[in-house]
Amino acid sequence: MDSELIRTFLEVNRARHFSRAAEALFVTPAAVSARIRLLEEHLGARLFTRSRNNIQLTPAGQRFLPHAEHVLRSWNRATLSVGRADEHAELVAMGSLNSIWSVLYQGWLPHLYGAHPALMLQLELSTTLSLVNRVREQSLDLALLYEPPQVSDLSARVIGAMELMLVAKRPGQRALEDLEGYVHVDWGTPFSMTVSRDLPDLADPVLRVDAPEVAWEFIHARGGAAYLPLPMVEDDLAGGRLHPVAGAPRIERRVYLIEGAGSPPSPVRAAVHEHLRSWLASRPAGGGAG
């Protein structure tokens, strides 16, 4: 099946409008309509309900959507890998949670390519569910997560850890007494359970975010407190711009590297494994390998 048909289907679903999809694809609206009709003929089902300014997926379209996303990802990966085949480089597709990457792996890519200049790496930042699904469907080779998936077709190993500290803009605050402006960073279910158990009277958060840099920026500008990684706040603590909250436990989040349980051996992936692990082990506040 022509990959352009899949790409057009996904763009129409995103834009919910044939003309806007045509603009994004640099084709005419008539071409978009023709591609969708041809795809529907291939599949033997209608994919969209068509009414003025209200394009919606049919039940068949909803069932086809995850398959279309998988096919396009696999096609893009194949074209990237085959297009560089003359250089005899193996493509490694890796994903990560944004909070792991932004805190622990800033600066890692130049270090990796310094050791392996011919490496082909595809990097994506996404959610836990998306990363797990992508590794299971083999459109990603590796992913960095806080929790090991409980499925038999994936393997997980601890490659490091991140220590979280409750810090505040105003000095002298206590977690269970006068904490102001608590910002809840989503560090995963085990983190939330630990906070609920150890700080049951913690004030309701004024803000919930899944990116630690957003929480860091917020409490610097507006005041408040948040659980943030030591690598992110060390300079602020030393300079008196942020302060530890008394009575709040430090919480460790392990970092897991996951991959397919049946993945064949690969020297290139093994090299990426080692560089991921050694990078964390070399960071004083990053935590060593487990």
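Since this is a predicted model, take the numbers as computed values, not measurements. (Residues numbered from 1 in each chain as written. Predicted model: local features only at pLDDT ≥ 70, side-chain atom pairs only at ≥ 80, totals over all residues. Heavy atoms only, no water.)

Chemist: Talk me through the pattern of salt bridges; I want residue IDs and the actual numbers.
Modeler: By the definition in use, this model includes 14 salt bridges. A salt bridge links Arg157 to Glu259; the shortest N-O distance between them is 3.7 Å. Of this pair, Arg157 sits in strand E6 (residues 154-168) while Glu259 sits in strand E11 (residues 251-260), and the two are 102 residues apart along the sequence. For Glu259, a relative accessible area of 9% translates into the label buried. (Salt bridge = Lys/Arg side-chain N within 4 Å of Asp/Glu carboxyl O. Helix = DSSP H or I, 4+ residues; strand = E, 2+ residues; numbered from the N terminus. Buried < 20%, exposed > 50% of the residue type's maximum accessible area, 1.4 Å probe, protein only.)

Chemist: Account for the environment of Leu176, naming residues and giving values.
Modeler: In this structure, Leu176 sits in the loop between E6 and strand E7 (182-185). Accessibility expressed as a relative area gives 46% for Leu176, which makes it partly exposed. Once the C-alpha coordinates of Leu176 and Pro200 are considered, the two residues, 24 residues apart in sequence, prove to be 8.4 Å apart. Not counting the four nearest positions on each side in its chain, Leu176 is found in contact with Leu199, Asp201 and Leu202. (Contact = heavy atoms within 4.5 Å.)

Chemist: Outline the layout of surface pockets, supporting the account with residue identities and numerical values.
Modeler: Volume-wise, the largest pocket comes out at about 380 Å³. The wall of the largest pocket is formed by 18 residues, among which Leu97, Thr127, Thr128, Tyr146 and Asp186 lie closest to the centre. Breaking the lining of the largest pocket down by element, the ones donating at least two residues are helix H5 (98-104) and helix H7 (128-136). Residue composition of the lining of the largest pocket, by class: 8 nonpolar, 7 polar and 3 charged. Empty space within the second largest pocket amounts to approximately 240 Å³. (1 Å grid on protein atoms, 1.4 Å probe; cavity = no way out; pocket = protein on both sides within 12 Å on 5 of 7 lines; lining within 4 Å. Points joined across faces, edges and corners; volume = space filled by probe spheres on them. Nonpolar A, V, L, I, M, F, W, Y, C, P; charged D, E, K, R; others polar.)

Chemist: Lay out the packing of helix H6 (residues 108-115) against helix H11 (residues 267-281) in plain terms, naming residues and giving numbers.
Modeler: Two elements in contact, H6 and H11, have axes separated by 11 Å at closest approach and are oriented at 135°. On the basis of the axis angle, H6 is oblique to H11. Here H6 runs over H11; the crossing is right-handed. From H6, Trp108, His111, Leu112 and Ala115 reach across to H11, where they touch Val272, His275, Leu276 and Trp279. (Axes fitted to C-alpha atoms, helices over the stretch in contact; angles between N-to-C directions. Parallel < 35°, antiparallel > 145°, perpendicular 65-115°, else oblique. Left-handed = near helix turned anticlockwise from the far one by under 90°.)

Chemist: Any details on unusual backbone geometry? Residues and values, ideally.
Modeler: The phi angle at Arg16 is positive, at roughly 55°, despite the residue not being glycine. Considering the arrangement of structural elements, one finds Arg16 in the loop between helix H1 (3-15) and helix H2 (18-25). In this structure Arg16 comes out as partly exposed when scored by relative accessible area, which is 29%.

Chemist: Quick one: what's the story with H2, residue by residue and with numbers?
Modeler: Looking at H2, one finds that the buried residues are Phe18, Ala21, Ala22 and Leu25. For H2, the buried positions fall inside an angular range of 105° around the axis, keeping them on one side. Looking at the buried side of H2, the elements it contacts are H1 and helix H3 (29-43). Count one or two residues on from H2 and you reach Phe26, which has phi positive near 60°. (Arc of directions from axis to C-beta.)

Chemist: Would you mind going over the nonpolar core in detail, with residue names and values included?
Modeler: Where a protein is soluble and globular, its nonpolar side chains tend to be buried together. In this structure, Tyr105, Trp108, Leu166, Tyr227 and Leu276 are the most contacted members of the largest nonpolar core, which totals 60 residues. Tallying contributions element by element places E6 first for this core, with 8 residues. Setting aside chain neighbours within four positions, we find Trp108 in contact with Met94, Trp101, Leu121, Val272, His275, Leu276 and Trp279. Ranked by size, the runner-up nonpolar core spans 21 residues in total, among them Leu5, Phe9, Phe18 and Ala21. (Core = buried A, V, L, I, M, F, W, Y, C linked by side-chain atoms within 4.5 Å.)

Chemist: Which residues make up the pairing of strand E5 (residues 142-145), and what are the values?
Modeler: Here E5 shows a buried face lined by Leu142 and Leu144 and a second buried face lined by Ala143 and Leu145. Relative to E5, strand E3 (residues 91-96) is paired through 3 bridges, and the arrangement is parallel. If you follow Ser96 over to E5, its bridge partner there is Leu144. Both E5 and E11 contribute to a ladder of 3 bridges, which runs antiparallel. Note on E11: the bridge partner recorded for Leu144 is Leu257. (Pairing = 2+ DSSP bridges.)

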